Amino acid sequence: MRRGLFIKLLATFIALLGLGGLLISYAVAQHAVFIAAGLVIALAALAAIPLAQIASRHLDKVDQFAGNLASGRLDARIGDPGFSASADTTRKLDQGMARLEQEFQAIGSRRRELEALLDSMQEAVIAVDAQGRVHWSNAVMERVVERIAAPVRIGRSLVQTVRDPTVLACVEQAILRKTAQTGRATSISPGRTFEVNAAPTPGGGAVVVLHDVTEVERVERTLRDFIANVSHELRTPLTSISGYVETLHYDERMEDDAREFLDIILRNATRMHRLIEDLLALARVESGEFRPRVAPIPSTRLVDDAVALLSGMLHETDVELERGPITATAVLADPDAMQQVFSNLIENAVKYGGVGKTVTIGARHLGDFVEFYVKDQGAGIASEHLDRIFERFYRVDKARSRESGGTGLGLAIAQHIMLAHGGAIRAESELHKGSTFYFTLPTAPTQSDAAPVVDESPAMRSEA
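Asks: Which residues make up the confidence of the model for the protein chain, and what are the values?
Replies: Across the protein chain, the average pLDDT comes to 75, with 68% of residues at 70 or higher. The model gives residues 449–464 a pLDDT under 50, and that stretch makes 36 contacts with residues more than four places away or in other chains.

What follows is the structure, given as structure tokens:
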């Protein structure tokens, strides 16, 4: 029993010695680790100092690059990053800035070219922003306003530079409605007349182009006065020629050959008289002094009066005049002027409608307007002529027009009369299927909102 206790004590002693040795070994190892860690930290600190200096210099370059970029310098570059870990990013930034600088240089070059082009124009151009402040103007605009108003200042309101109500109204409507506006301005510069064209811009503003038409209007006015004066002077001698020729024509002693010559003289004198009358009428409606005496008149009355007026001419032809559905809505019109429009349109339809054909007249109510039409069944008008048939002296078939006694002025007169009424006139046609001329007149104000009555009475015909 004592032997077993001794053995236990001996084992315990040996274990304690082992544990003590282990503790001594751990302490020695820990001390060595601390020494090694200190050496590593010291070496890392010595190596980090130059790396930190390189990173600091790189950050200084980036900060300087950002400052130059913020100030608008597009030539700013970071430069050589050295051994920076962001070397690839730095190169990409510099390449992007180089490309951006090239793009801005190209944009600046195009802008200078555009400014030079606009400065070389004959028209005055000015651009405003959405608030109506001047954004840009060309040299012509500055010369126009410098004599009568304050110089053009970027950022100032347009009304401080241009005080013409037409220009201001066109700009306002172009900004609000986002559509192009036109007008005629006479108070921008004393004695000058400008054609105003205002168009919206993508940024919400507008650009205005002022075209000086003073000289053009002066020439046109001189030409109209010349035509009117010459035509007026020719009326008297032509009337005398026609009268004497008609007197000689009924002389029973006149030989057949002489009578044939007199017929030729009378026919050409009559044509010249028609031409003079049309020239005088055109000069009157183009002068700007023509003011139609509009009054409320039923649409049916306008058509009936036109038919009654032309019934004599229709009896001499093989053409039927058919009265189609006509609204009874009253329109604002000058009856005498509208009879001239109907006369020109119906006379053309009879001349070119073809023998045995029908000419139809009608009218329909379209909102604030009544649309009248004159339709024939003739050979039609080619599409390339439709946009020009309302020009003075323009003829689709020149030989046939002269043969029928046409002057080439009837449609031009009709167009000016319709414009003076606040309406419009147009033509639709297809070859070999006839032509239809439409013109509109504003409806007369009424005291009730009753639907317009449509006259469905039987068609009225006038036959040869």
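Asks: Got a sec to walk through helix α5 (residues 214–249)? Specific residues and values, please.
Replies: Its 36 residues place the ends of α5 51 Å apart at the C-alpha level, agreeing with the 52 Å of an ideal helix rising 1.5 Å per residue. Of all the bends in α5, the greatest reaches close to 30° and is centred on Arg 235; the proline Pro 237 follows between one and four positions later. Buried within α5 are the following residues: Thr 214, Arg 224, Ser 231, Leu 238, Ser 242, Val 245 and His 249. Contacts from the buried residues of α5 go to β5 (206–212) and α6 (256–286).

Asks: Tell me about the packing of α5 against α6, and name the residues and values.
Replies: Taken N-terminus to C-terminus, the directions of α5 and α6 make an angle of 155°; their axes are 8 Å apart at the nearest point. In this view, α5 runs roughly antiparallel relative to α6, as classed from their interaxial angle. The interaxial crossing formed by α5 with α6 has left-handed handedness. Across the contact of α5 with α6, the residue classes tally to 16 nonpolar, six polar and seven charged.

Asks: Explain the pattern of salt bridges to me, and be specific about the residues and the numbers.
Replies: Counting across every chain of the model gives eleven salt bridges. For Arg 184, the salt bridge goes to Glu 217, with nearest N and O atoms at 2.8 Å. In this pair, Arg 184 sits in strand β3 (residues 181–185) while Glu 217 sits in helix α5, placing the two residues 33 residues apart along the sequence. Salt-bridge contacts for Arg 301 lead to Asp 305; the nearest nitrogen and oxygen are separated by 3.7 Å. On the criterion of helical spacing, the pair formed by Arg 301 and Asp 305 is a turn pair, its members being four residues apart in helix α7 (residues 299–315).

Asks: Describe the sheet that holds strand β1 (residues 124–128), and please don't skip the residues or the numbers.
Replies: Ordered by their spatial adjacency, five strands build an open sheet running β2-β1-β5-β4-β3, and the pairing between neighbours is antiparallel. The open sheet terminates on both sides in strands that have one partner only, identified here as β2 (134–137) and β3. The mean angle between the axes of side-by-side strands here comes to 20°, regardless of whether they run parallel or antiparallel. Seen against the sheet, helix α4 (residues 165–177) touches β1, β3, β4 (194–200) and β5 and runs at an angle of roughly 175° to β3.

Asks: Just give me the short version of the side chain of Asp 376, but keep the residues and values in it.
Replies: Position of Asp 376 among the secondary structure elements: in the loop between β10 (369–375) and α9 (383–386). The buried charged residue Asp 376 lacks any salt bridge partner; its closest oppositely charged side chain belongs to Lys 375, at an N-O distance of 9.0 Å. Within the structure, the side chain of Asp 376 is placed 3.0 Å from the backbone nitrogen of Gly 378, a separation counted as a polar contact.

Rules used throughout
Residues numbered from 1 in each chain as written. Predicted model: local features only at pLDDT ≥ 70, side-chain atom pairs only at ≥ 80, totals over all residues. Heavy atoms only, no water. pLDDT = per-residue confidence, 0-100. Contact = heavy atoms within 4.5 Å. Helix = DSSP H or I, 4+ residues; strand = E, 2+ residues; numbered from the N terminus. Expected span 1.5 Å × (residues − 1). Bend = angle between axes of the 7 residues up to and from the residue. Buried < 20%, exposed > 50% of the residue type's maximum accessible area, 1.4 Å probe, protein only. Axes fitted to C-alpha atoms, helices over the stretch in contact; angles between N-to-C directions. Parallel < 35°, antiparallel > 145°, perpendicular 65-115°, else oblique. Left-handed = near helix turned anticlockwise from the far one by under 90°. Nonpolar A, V, L, I, M, F, W, Y, C, P; charged D, E, K, R; others polar. Salt bridge = Lys/Arg side-chain N within 4 Å of Asp/Glu carboxyl O. Pairing = 2+ DSSP bridges. Lys, Arg positive; Asp, Glu negative; His and termini not counted. Polar contact = N/O pair within 3.5 Å; in protein donor to acceptor, adjacent residues only side chain to side chain.

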